[in-house]
Amino acid sequence: MGNELLAFVVMVIVQLGFAGMIIITKLVMDGGMHPFVQSAYKPIFATISIAPFAFFLERKTRPKMTRSILFQIFLCSIFGITANQYAYFIGLNNSTPTVASAIDNLIPAFTFLIAVPLGVEKLGLRSIAGQAKFWGTIICVGGAMLLSLYHGKMVIGQLGFHWKYAENTGKDVNSPHSNFFLGPFMLIMASLTYAIWLIIQGRVSKKYVAPYTCITLMCLMASVESVIIGICVVPKVSEWALNSIRAISVVYNGVVCTSFAYFLSSWCIEKRGPLYVAMFNPLLLVISAFLSWTLLREKLYIGVVVGSIIVVAGLYGFLWGKKIETSADDIEVNKEKVQSTKLVDLELQLPSTNGNHLESKQISETKAKL
């Protein structure tokens, strides 16, 4: 009971941390910080914060690095950090925190769609689990398309309370300046690149069992990539200047939402499994929507609300199918273990039986001679 409650509290803290990242990042970008500058600073502080874990925890157990593994980590840095952060921050800059949090729930569906052709996942439409995963994916994508293409009437207006700093940015989160097509589209691309990273990272984790070293190398490579691209796109030195709120944003994103969140999520995956962690993704949507409504005065429209509900429903349908599939696989594994145990027992008994038979035969022959 104690571990279950602790895991629940830890995952709530993780989602609160991610929600804080979305709000403060949206705030500084509305205040004029370029998305490419934000993307360049984040992996730098992430590398600095997670490198000590890699050095002290994996110093003696770190396996040998090969060129093949290093190349795969390089691909992870491109898809999981560089391309993902560019797409995400550009999408968030042209959208709202609520939409960004809702589209994040597409990641399991995209991962499934990519994994099936590669043979990592089985479609299995004849089984209930396969049907649940398939229709859950379709529902997720449909909900994302709805909140991307349909705005509709306003259902929840602006709150009277407003964060004073948000007023100084000079930009309204609901202003026409936001591109309600480009924003969701780039956020969908961010989910797609993250799903590609999950597939590659899954293979790297099996070959190179040193997660902190792996993420440190990824962040280091992404730092170089993002800085080079960022300088080419934003050459003005003044654009890279960090005031107090911008410094808080990039440090928070790198430390809290990378190293700290990675550590806590890994602990929960070890204790309760990946499905338990994935079930908390919709909580990020609720927290982000509430914080954006209260602090940034975001308006909620019917298309966003209905689309978000559909995405979450599809996500839980997919996770339900995945749970059934995992349970069935566990049963099959247990059956194989039982069968192998029985075979071992028979093999151990057979020599003993033959030995007893020979021994009794020798005794009878001895008696006949006497």
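Definitions and cut-offs
Here the residue numbering is sequential within each chain, running from 1 through the sequence in written order. The model is predicted, so local features are restricted to residues of pLDDT at least 70 and side-chain atom pairs to those at 80 or more, both for listing and for counting; the totals for chains, interfaces and linings are taken over all residues. Side-chain measures were taken over the full set of non-hydrogen atoms in the model, leaving aside hydrogen atoms and water. Secondary structure is summarised from DSSP: a helix means a run of H or I of at least four residues, a strand means a run of E of at least two, and numbering begins at the N terminus for each. Partly exposed describes any residue whose relative accessible area lies between the buried limit of under 20% and the exposed limit of over 50%, with all areas from a 1.4 Å probe on protein chains only and scaled to the type maximum. The contact criterion used is simple: two residues touch if any of their non-hydrogen atoms lie within 4.5 Å. The Shrake-Rupley method, run with a 1.4 Å probe sphere, supplies the accessible areas, and residue values consider only the shown protein chains as cover. Buried residues of nine kinds, namely Ala, Val, Leu, Ile, Met, Phe, Trp, Tyr and Cys, make up a nonpolar core once their side-chain atoms join them within 4.5 Å. Note on geometry: axes are lines fitted to C-alpha atoms, helical ones only across the stretch in contact, with angles between N-to-C directions running from 0 to 180 degrees. Convention used here: angles under 35 degrees read as roughly parallel, angles over 145 as roughly antiparallel, angles from 65 to 115 as roughly perpendicular, and any remaining angle as oblique. Note: crossing handedness is left-handed where the near helix turns anticlockwise from the far helix by less than a right angle, and right-handed where it turns clockwise. By the convention adopted, Pro, Cys, Tyr, Trp, Phe, Met, Ile, Leu, Val and Ala count as nonpolar, Lys, Arg, Asp and Glu as charged, and the other residues, Gly among them, as polar. One side-chain nitrogen of Lys or Arg within 4 Å of one carboxyl oxygen of Asp or Glu is enough to make a salt bridge.

Caption draft 1: Examining the overall build of the protein chain more closely. Across its full length, the protein chain carries 13 helices and two strands. Looking at the protein chain as a whole, 45% of its 370 residues qualify as buried. Nonlocal contacts in the protein chain, meaning residues at least 24 apart in sequence, comprise 90% of its contacts between residues at least 6 apart. A total of about 19,600 Å² of accessible surface is found on the protein chain, and carbon and sulfur atoms cover 69% of it.

Caption draft 2: Here's a closer look at the nonpolar core. Ranked by size, the top nonpolar core spans 48 residues in total, and within it Tyr-88, Ile-103 and Leu-106 carry the most contacts. With 19 residues, the next largest nonpolar core counts Trp-197, Ala-210, Tyr-212 and Met-218 among its residues.

Caption draft 3: Structural detail: the packing of helix H2 (residues 35-57) against helix H3 (residues 67-93). At a minimum axis distance of 9 Å, the contact between H2 and H3 shows a crossing angle of 140 degrees. In terms of orientation, H2 and H3 fall into the oblique class. As for the relative orientation of H2 and H3, their crossing is right-handed in sense. Note on element contacts: H3 touches H2 through Ile-81, Gln-85, Tyr-86, Phe-89, Ile-90 and Asn-93, opposite Pro-35, Phe-36, Gln-38, Ser-39, Lys-42 and Pro-43. Grouping the amino acids of the contact of H2 with H3 by side-chain chemistry returns seven nonpolar, four polar and one charged.

Caption draft 4: Spatial organisation of the pattern of salt bridges. Overall, the coordinates contain two salt bridges when judged by the stated rule. Two residues, Lys-26 and Asp-30, come together in a salt bridge whose shortest N-O distance is 3.6 Å. On the criterion of helical spacing, the pair formed by Lys-26 and Asp-30 is a turn pair, its members being four residues apart in helix H1 (residues 2-30). The buried category is assigned to Lys-26, whose relative accessible area is 0%. Notably, a salt bridge pairs Glu-325 with Lys-133, separated by 2.9 Å at the nearest N-O pair. With a gap of 192 residues between them, Glu-325 in helix H13 (residues 302-369) and Lys-133 in helix H6 (residues 128-149) connect regions that are remote in the sequence.

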